[in-house]
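# Understanding the architecture of this molecule
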Amino acid sequence: MRRFPLLLLAAMLLAVSPAMAAPKVLRLALDADPVSMDPHVQLSGGMLQYSHLVFDPLVRWTQDMQFEPRLAEKWERIDDLTMRFHLRHGVKFHSGNELTAEDVVWTLNRLLRSTDFKGLFDGFSAKAVDKYTVDISTREPYGLLLNMATYIFPMDSKFYTGTDEKGKPKDAIVKTDWSFANEHESGTGPFTVALREPGQKWILKRFADYWDKNSGNIDEIILTPIPEDATRVAALLAGDVDFISPVPPQDYDRIDNAKDAKLITMDGTRVITLQANMKRRPEFQDVRVRTALNLAINNEGIVKRIMKGRAKAAGQNSPEGYAGHNPALTPRYDLEKAKALMKEAGYEKGFTVSMIAPNNRYVNDEKIAEAVVGMLAKIGIKVELKTMPKAQYWDQFDAQVADIQMIGWHSDTEDSANFFEYLNMCPNKETGKGQYNSANYCNPKVDELTMAANKETDLEKRAKMLQEVETILYNDAAFIPLHWQMLSWACSPKLKNADKIVNVMNFPYFGDLIME
Amino acid sequence: MFAFAIRRIVQAMLVMLVISILGFSIKQSVGDPIRELTGISVSETEREALRQQLGLNDPFLVQWARFVKNAVHGDLGNSFYFKRPAMEVILSKAPATLELVFVASIIVIVFSVPIGIYAAVKPTSWLSRICMGASIVGVSIPVFLTAILLIYVFSVQLGWLPAYGRGELVEIFPGWQSGLVTTDGLLHLILPSIALSSIMLPLFIRLIRAEMKEVLEAEYIKFARAKGLRERRILLVHAFKNTLLPVITVGGVQLGTMIAFTILTETVFNWQGMGSMFIESINRADTSLTVAYMVFVGFVFVVVNTVVDLIYGVVNPMVRIAGRK
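Throughout, residues of each chain are indexed from 1 in the direction in which the sequence is written. Each chain takes a letter, starting from A, and each ligand takes a number, starting from 1, following the order in which they are written. This being a predicted model, a pLDDT of at least 70 is required before a residue's local features are given, and a value of 80 or more before pairs of side-chain atoms are given or counted; all residues contribute to the totals for chains, interfaces and linings. Excluded from the side-chain calculations are hydrogens and water; all other atoms, namely the structure's heavy atoms, are used.

### Observations regarding the overall build of chain A
Formally: Counting from the N terminus, the helices are the DSSP runs of H or I reaching at least four residues and the strands are the DSSP runs of E reaching at least two. Exposure categories follow from relative accessible area, calculated using a 1.4 Å probe and restricted to protein chains: below 20% of the type maximum is buried, above 50% is exposed, and the middle band is partly exposed. For this analysis, residues touch if any pair of their heavy atoms sits within 4.5 Å. The Shrake-Rupley method, run with a 1.4 Å probe, gives the accessible areas here. Residue values count only the displayed protein chains as cover. The charged-residue count follows a simple rule in which Lys and Arg add positive charge and Asp and Glu add negative charge, with His and chain termini not counted at all. All charge positions are set by atom: Lys at NZ, Arg at CZ, Asp at CG, Glu at CD.
Summing up its helical and strand segments, chain A has 16 helices and 17 strands in all. Viewed in the frame of its principal axes, chain A has a C-alpha envelope of about 80 × 65 × 45 Å. Classification of the 516 residues of chain A by burial places 59% in the buried group. Across chain A, the fraction of contacts at a sequence separation of at least 24, relative to all contacts at a separation of at least 6, is 69%. Just so you have it, chain A exposes about 20,700 Å², and 51% of that area is on carbon and sulfur atoms. Taking the average place of the 63 positive charges on the side chains of chain A and the average place of its 70 negative ones, the gap between the two points comes to 3 Å.

### What about the packing of helix H5 (residues 86–121) of chain B against helix H11 (residues 274–283) of chain B?
Residue and element names in this part refer to chain B. Worth spelling out the cut-off: Only the stretch in contact is used when a helix axis is fitted, and all axes are lines through C-alpha atoms; the angle between N-to-C directions ranges over 0 to 180 degrees. Note on terminology: angles under 35 degrees are roughly parallel, angles over 145 are roughly antiparallel, angles of 65 to 115 are roughly perpendicular, and the others are oblique. We call Asp, Glu, Lys and Arg charged. Ala, Val, Leu, Ile, Met, Phe, Trp, Tyr, Cys and Pro are nonpolar, and the rest, Gly among them, are polar.
At a minimum axis distance of 7 Å, the contact between H5 and H11 shows a crossing angle of 135°. Of the possible angle classes, the one that applies to H5 and H11 is oblique. Touching Val 89, Ile 90, Lys 93, Ala 94 and Thr 97 of H5 are Met 274, Gly 275 and Met 277, all from H11. Within the contact of H5 with H11, the residues separate by chemical class into 5 nonpolar, 2 polar and 1 charged.

### Here we look at a nonpolar patch on the surface
Rules: Residues qualify for a patch when their relative accessible area is over 30% and they have no salt bridge, like charges being joined within 9 Å and the nonpolar side chains of Val, Leu, Ile, Met, Phe, Trp and Tyr within 5 Å. Salt bridge, as used here, is a side-chain nitrogen of Lys or Arg placed within 4 Å of a carboxyl oxygen of Asp or Glu.
Taken together, the side chains of B:Met1, B:Phe299, B:Val303, B:Val307, B:Ile311, B:Val314 and B:Val315 present a nonpolar region at the surface, about 590 Å² in accessible area. According to the relative accessible area criterion, B:Ile311 is partly exposed, its value standing at 41%.

### Focus: the environment of B:His238
Residues and elements named next belong to chain B. By secondary structure assignment, the location of His 238 is in helix H10 (residues 231–269). Remark: the alpha-carbon pair of His 238 and Ala 224, spanning 14 residues in sequence, is separated by 8.3 Å. Filtering out sequence-adjacent residues up to four positions away, His 238 remains in contact with Tyr 220, Ile 221, Leu 229 and Arg 233.

### Let's talk about the pattern of salt bridges
All names here are of chain A. By the definition in use, this model includes 42 salt bridges over all chains. Between Arg 84 and Asp 135 there is a salt bridge, with the nearest N and O atoms lying 2.8 Å from each other. In this pair, Arg 84 is assigned in strand E5 (residues 82–87) and Asp 135 in strand E7 (residues 133–138), connecting sequence segments 51 residues apart. Arg 288 is the partner of Glu 344 in a salt bridge, and the nearest nitrogen-oxygen pair spans 3.7 Å. Separated by 56 residues along the polypeptide, Glu 344 in helix H10 (residues 335–344) and Arg 288 in helix H8 (residues 287–296) bring together distant segments of the chain. Given the relative accessible area of 53%, Glu 344 is considered exposed.

### Details of the interface of chain B and chain A
Filter applied, for reference: A quick way to say it: buried area is the sum, across both parts, of accessible area lost when two parts are put together, with a 1.4 Å probe.
Taken together, the contact between chain B and chain A spans 51 residues of the former and 51 residues of the latter. Both sides together, the interface formed by chain B and chain A hides about 4,300 Å², and carbon and sulfur atoms give 52% of it. In this structure, the connection of chain B to chain A is made through 3 salt bridges. Note that B:Glu46 is salt-bridged to A:Lys118, the shortest N-O span being 2.9 Å. Looking at the side of chain B that touches chain A, the elements that each hand over two or more residues are helix H1 (2–30), helix H2 (33–37), helix H3 (44–53), strand E1 (78–79), helix H7 (143–157), helix H8 (183–216), H10 and H11 of chain B. Looking at side-chain class alone, the side of chain B that touches chain A contains 22 nonpolar, 16 polar and 13 charged residues.

### A look at the side chain of A:Ser318
Residue and element names in this part refer to chain A. Put simply, the test is: We define a polar contact as two N or O atoms separated by no more than 3.5 Å, with the added condition that, inside protein, one atom must be a possible hydrogen donor and the other a possible acceptor, whereas residues neighbouring each other in sequence contribute only through side-chain atom pairs.
When you line up the elements, Ser 318 lands in the loop between strand E13 (311–313) and H10. What makes Ser 318 buried here is its relative accessible area of 0%. A distance of 2.8 Å separates a polar atom in the side chain of Ser 318 from a polar atom in the side chain of Ser 416. The contacts of Ser 318, once residues within four sequence positions are left out, are Gly 324, His 325, Ser 416, Phe 419, Phe 420, Glu 470 and Trp 484.

### Considering the state of the cysteines
Residues and elements named next belong to chain A. Our working rule: Cysteine sulfurs are considered disulfide-paired once they come within 2.5 Å of each other.
Scanning the entire structure with this criterion turns up 1 disulfide over all chains. Bridging Cys 426 to Cys 442, the disulfide has an S-S length of 2.0 Å. Measuring handedness by torsion sign, the sulfur bridge of Cys 426 and Cys 442 sits at about 90° and is right-handed. Of this pair, Cys 426 sits in the loop between helix H13 (416–424) and helix H14 (444–455) while Cys 442 sits in the loop between H13 and H14, and the two are 16 residues apart along the sequence. For Cys 426, a relative accessible area of 13% gives the class buried.

Written as structure tokens, this is what we have:
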């Protein structure tokens, strides 16, 4: 019954397209398509996924968080400030130009002009040593230079130089209007953009001169954005697409049980946390109250009941595998102790606080917030919760309109220090540190250690420092960690190595994908 | 007739002005487009600079006046997300929605007329009872539920019809990608158009039945019967023609409702039309596109209603004569 219409469809498709050695076409459905063809226009998961399709980084992360050479064949540190990268020879851009050290220098300079990337690359500079060697240096010693090299996707400097048909420079980074770079690409990546209808459909074709001959066998990718969760899953189950991401947690079991679909999950690195604002509420200045908040919230319970086991309860920012992860800092839940601490602090009768959370940003964000309300009620804290769509949430978050606010964080550098810099360091408008620290927690020791860790190029010493920071935050109950979200993808079984091309950054390397 | 037309058109323009104010004031509360345009780690200073550059810091009235001035010249601003003129984006999505509405309308007309007449003529037959019962059910199920049920049954379980999208498209003339001319495109149209018509069809069956019943009681039908005209002629020419007037009125208004329901249908079927584009623009806080779309749809509504009014005036002269006093 099921097979017949599929055969019919296949027959029709064959009738339309001239019969060749059947090309391997991957039909890919994501929740949204990349916002531009210019990799520097926005720093977001979607744009980085795109960058890995059409461009190639100097180095990239492997599934077990090691560095893998891509356009840089090897690299070495030549002093505290500088790392030397040796580029692969004979790599071609889509335009036919050859990749040289000048392209890397040009790309880094462009990153420094990008609103979204300039913060990450603050203090970076690059110098071409010869045609295939480039030195990248930082103003101060920086232990994460190689992590940042995963964000350097060399662009074709010759292609993007000059003025376009509207008389504007081709290398302009434009967020809300037409620009040459928004509509054209020339990278070194496995695929070229053959067709792009924003929000509708992308066709990516295998780049014939791609340098990595040992990568996957996909000839063409048809990317369709399907924002509606249920529709995306239905499209996979109906066999209309081959790979979907993300997968809504309520459908995990359904896909697991389906014959023609395969679920791939992986422990993620995005931590979901709550911040209790000590500036708004004097009660939260008492470490006993903050600890009581941590003790009252049952992280394991939330993971089990709401996340259906598809998350990992957290007791700190850093997930396992990160330098700052301290295995001793486990989630704490002890209702009696929480009540005792509240009594000790003089709040036996409790108090009323306000709380905000987004309702379409994190997996089950609204339900998690509701569960927290119930849990805090048990120690006498009455919570008035307000949830809202993410489009409205961040303004409210910045304005610190509520006493408790939810925030999830994924470290752009895949390193612990990034959590502290944005979430836990003293808020400072000038340096931009503590930008999302709505708890207003401020401990000079945390600041000092984090900054020192960033300058430390001895990675062992650095890890010790970062772990110490996590311990301080834990003992101070500086924030309330909830859990790390799990990442999920689902695909058709004809994709042979789909579980090998995914990673915790959620940048599936489709260039390496092999289809039966 | 001329004065009548002028009056209607002036009214229409006033309505458009009000719509633009309403749309513009809603925009403020949809969200912050700057947040959607930048990564989360971007500093507030950078964000502020971008906000200033896009003129989002200007007072409400200044922004509105700028919008109206440009809108009169046919420029509804740039969509932040698409990085293209909003009008261009809306028009590129229009064919999808129009084709969907077109096919759904055909389904509504083809089924509602015979069923409505039949149910009026033979109100007690078991067939019309079934139809009436089914129409109650149909009108009570929300369109997104109908849509999901259809996908579940016909795409996931049976695997007969595609679950999402428009399928293979052919450009029939510049800017119009049509799915009506390919088999694949037509297959993709079946489920969404059934889902969309599921709301209108019961309504029209009931409307035609009610009007028809009323007309069949009228003196001139009895007179026609007494004259010995053939039943077929009485029903189709004398009776049905007179039920059409209210049906046209309601139809004009419902066409607007239909466009509203396309938002749900398109979202569920990932139909790349104006409805899903509108929802997406809200989710992404692409406020310039949201406002442009509201003004555009407002414009279409106003034009349709004005035209229906004018046609009404032609069909039934009493309307414009009454208006003249």
